[in-house]
Each structure stands twice: as structure tokens, then as C-alpha cells.
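Spelled out from the first residue to the last, the chains are:
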Amino acid sequence: MNLLPTESTKSMIQESIIRWFDANGRDLPWRTTSDPYEVLIAEMLLRRTTATAVARIYSAFIRRFERPERLARARVRTIASMVGTLGLQNLRARHLQQTAAHIVKEFKGSIPDTMEGLVNLPGVGVYVASAVLNFAFCRPSPLVDGNTIHLLSRLFELEFAGPADRNAWDFIASFELGGQNKAFYWGIIDLVAMVCLRRVPRCEICPLHEPCIWRHKNKPAFKTG
DNA sequence: CTCCTGATTT
DNA sequence: AAATCAGGAG
């Protein structure tokens, strides 16, 4: 376990991630909308699934179930047949239908904009709730997933028990994101998906190769060009 | 802690 | 073959 990075290191890394994302981030279908329903659906579909898998079915899903009212009335079997390629389809379909029904009944069809309201939805935990707050309501809220753990572990050689580790949430919450929380969190996800690959990380194109402790230990002869 | 559940990566 | 994937519920 290493020492925690200084505030100035964190600030520099944060800026690098945001700048890199603005220039290189993926243009995924659910990132071009801030409609809370569409964002919530995306996050529920993305649970334990890759973004590329969700990208294949997302538009068709939204077209078919345009509003919560539509989804609430659909049969679980029908929903499951549309999300079958993602895995967890029965569980996922049940949660989608129940959440839609809950939203129609308790919130008159609009998505709650508070952590408490969101985590009470079936199939919505702290991660999905926080993602909706960040990506739909532009409200900065700490967000930690497997990607975050992976990136932080390499950058700072910190050891976390996993995505549920309170220390990881506290650490990510200590960043001062201002209004750039979306670019920061999307940037972390995309860096792990495109650059900080698990087996062969592409340090030569990584915006964080300079401060990265893992890179210094594993590619000491790395030239910055 | 276990289970859910399958495509994809390693 | 095993781990992982924008985790959550029981």
C-alpha cells in the first residue's frame, strides 16, 4: 500500500483525464442524451456487461420502450428477449419492468433525482443511482466501478478490496470535479477500455504515463518521445 | 457470503 | 478454463 497522492498530483491527473476524454472519448449512444429515463435504462443494461454489447441493442430497446409507461406494461418475457445477448436477462428484465412500474406509480413517470429515490428502485444500487445523478442530472456524485479500481490501482499502486470498498469511494470523492464530473468518470471508463488494458496496457499513448507508478515499475525504459 | 447469467477477454 | 464486464439482491 502506497502513500496517498498529493492534492496537486490528483488535480493534475484529473485535468489530464478530462482533456484526454474530450479529445478521445467514445461516442456511445447513451452519452448523447441527458434524458433521465434513457440514462437510467443504459446504466441498468450496462450492469455486468460491456459497453459494446449494450451498444448493439440500446437504440432498439429505447425505440420499443420509449417511456417508462411502455416498459411498465411490457411482459418480462418480452423484455428478456430483447436483452438476451447481455446475460442476466431474466433478472435484468424483471428489474427493468419493476423499476418502470415503480416510476410510473410513485413518481408519475419521471425519474427521481435523489440518491434515496433512485436506490429504492428495483435493480438500482448505489452505482447506477450515482451514474444517473452524474450523467442525467449533471450532479457530481462519487462513482466507483471495476474500471475505477483498476485504474487507481495501477496509477497509485493502491490496493482496494473491490468496487464495494469504502476506501475507494472515499478516495474518488476527494477529487474536486467542479462541473466536469461527466468527462472525469467517462474518461476513467474509456481509459480502461481503450488504453489502460489489463494484459497489455498501451502506456505509449496514455495521458497518465508520467505520474503512473505501475508504468514506472513495469516499463522503466519507456521513452516519452 | 452467494447467486444471478452469458458474451467476451485473457 | 477462468476472469471480467458501467453490480445488486437476498
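The residue numbers shown here count from 1 along each chain, following its written sequence. Chain letters and ligand numbers both follow the written order, the letters beginning at A and the numbers at 1. At least 70 in pLDDT is required for a residue's local features to be given in this predicted model, at least 80 for side-chain atom pairs to be given and counted, and no such filter applies to totals for whole chains, interfaces and linings, which use all residues. Calculated side-chain values reflect all of the structure's heavy atoms, with hydrogen atoms and water omitted.

### Side note on the protein's contact with DNA strand B
Threshold: When at least one non-hydrogen atom of a residue lies within 4 Å of a molecule or strand, that residue is treated as near it. Throughout this description, a polar contact denotes any pair of N or O atoms lying within 3.5 Å of each other; where both atoms belong to protein, one of them has to be capable of donating a hydrogen while the other can accept it, and for residues adjacent in sequence the pair is counted only when both atoms sit in side chains. Only DSSP runs of H or I reaching four residues or more are called helices, and only runs of E reaching two or more are called strands; each is numbered from the N terminus.
The local shell around DNA strand B consists of Arg48, Arg56, Thr85, Leu86, Gly87, Leu88, Gln89, Asn90, Leu91 and Arg199. Within the side chain of arginine 56, one N or O atom sits 2.9 Å away from a phosphate oxygen of DNA strand B. Residue glutamine 89 places a side-chain N or O atom 3.4 Å away from a sugar or linking oxygen belonging to DNA strand B. By residue number, the principal contributor to the surface near DNA strand B is helix 6 (residues 89-107), which donates three residues.

### Re helix 11 (residues 181-194)
To keep it simple, the criterion reads: For a helix, the expected span equals 1.5 Å multiplied by the residue count minus one. Each residue gets one of three labels from its accessible area relative to the maximum for its type: buried under 20%, exposed over 50%, partly exposed in between, using a 1.4 Å probe on protein chains only. Every residue pair with non-hydrogen atoms within 4.5 Å of one another is taken to be in contact.
If you check helix 11, its first and last C-alpha atoms are 20 Å apart, about what 14 residues at 1.5 Å a residue would give, namely 20 Å. For helix 11, the buried fraction is high: eleven of the 14 residues fall into the buried class. Those residues of helix 11 that sit buried are Asn181, Ala183, Phe184, Tyr185, Trp186, Gly187, Ile188, Ile189, Asp190, Leu191 and Val192. Buried residues along helix 11 sit against helix 1 (7-24), helix 8 (126-135), helix 9 (146-156) and helix 10 (166-173).

### Remarks on the protein's contact with DNA strand C
Every one of the 22 residues lining DNA strand C counts as a neighbour, but Trp30, Glu43, Arg47, Arg48 and Arg198 are closest to it. Protein-adjacent atoms of DNA strand C, using a 4 Å cutoff, are sugar or phosphate at a proportion of 59%. Within the backbone of glycine 123, a nitrogen or oxygen atom sits 3.2 Å from a phosphate oxygen of DNA strand C. Asparagine 147 is positioned with one of its side-chain polar atoms (N or O) 3.3 Å from a phosphate oxygen of DNA strand C. Only helix 2 (36-46), helix 8, helix 9 and helix 11 provide two or more residues apiece to the surface near DNA strand C. Sorting elements by how many residues they give to the surface near DNA strand C places helix 8 first, with three residues.

### Some words on the packing of helix 8 against helix 11
Going by this rule: Interaxial angle, 0 to 180 degrees, is taken between N-to-C directions of lines fitted to C-alpha atoms, where a helix line uses only the stretch in contact. Working definition: roughly parallel below 35 degrees, roughly antiparallel above 145 degrees, roughly perpendicular at 65 to 115 degrees, and oblique for all remaining angles.
Following both chains from N to C, one finds helix 8 and helix 11 inclined at 130 degrees, their axes separated by 9 Å at the closest point. Taken together, helix 8 and helix 11 sit at an angle that is classed as oblique. Between helix 8 and helix 11, the contacting residues are Tyr127, Asn134 and Phe135 on the first element and Asn181, Lys182, Tyr185, Trp186 and Ile189 on the second.

### Quick look at the pattern of salt bridges
What counts here: Within this document, salt bridges are pairs made up of a side-chain nitrogen of Lys or Arg and a carboxyl oxygen of Asp or Glu, the two lying within 4 Å of each other.
Considering all chains together, one arrives at eight salt bridges under this definition. Across the pair arginine 67 and aspartate 35 runs a salt bridge, and its minimum N-O distance is 3.1 Å. You can see arginine 67 sitting in the loop between helix 3 (51-64) and helix 4 (68-73) and its partner aspartate 35 sitting in the loop between helix 1 and helix 2, a full 32 residues away along the chain. Owing to a relative accessible area of 24%, aspartate 35 belongs among the partly exposed residues under this scheme. Linked by salt bridges that have partners in common, Arg26, Arg31 and Asp190 make up one network.

### Thoughts on the domain arrangement of chain A
Which entries qualify depends on this criterion: The source of the domain bounds is an automatic or database domain assignment. We define buried area as the total accessible area lost by two parts upon association, computed with a 1.4 Å probe and summed across both.
Split by domain assignment, chain A resolves into domain 1 (7-26 + 142-218) and domain 2 (35-135). Averaged C-alpha coordinates put domain 1 and domain 2 at centres separated by 27 Å. Across the domain 1/domain 2 interface, buried area totals approximately 770 Å², and carbon plus sulfur atoms make up 63% of it. Taken as a group, Leu143, Trp169 and Lys182 account for 47% of the area that domain 1 buries against domain 2, more than any other trio of residues on that side. Put simply, domain 1 and domain 2 have zero salt bridges between them.

### Some words on the side chain of lysine 10
In this structure, lysine 10 sits in helix 1. Of note is the side chain of lysine 10, whose polar atom sits 3.0 Å from the side chain of glutamate 7. Setting aside chain neighbours within four positions, we find lysine 10 in contact with Pro5, Phe171, Ser174 and Phe175.

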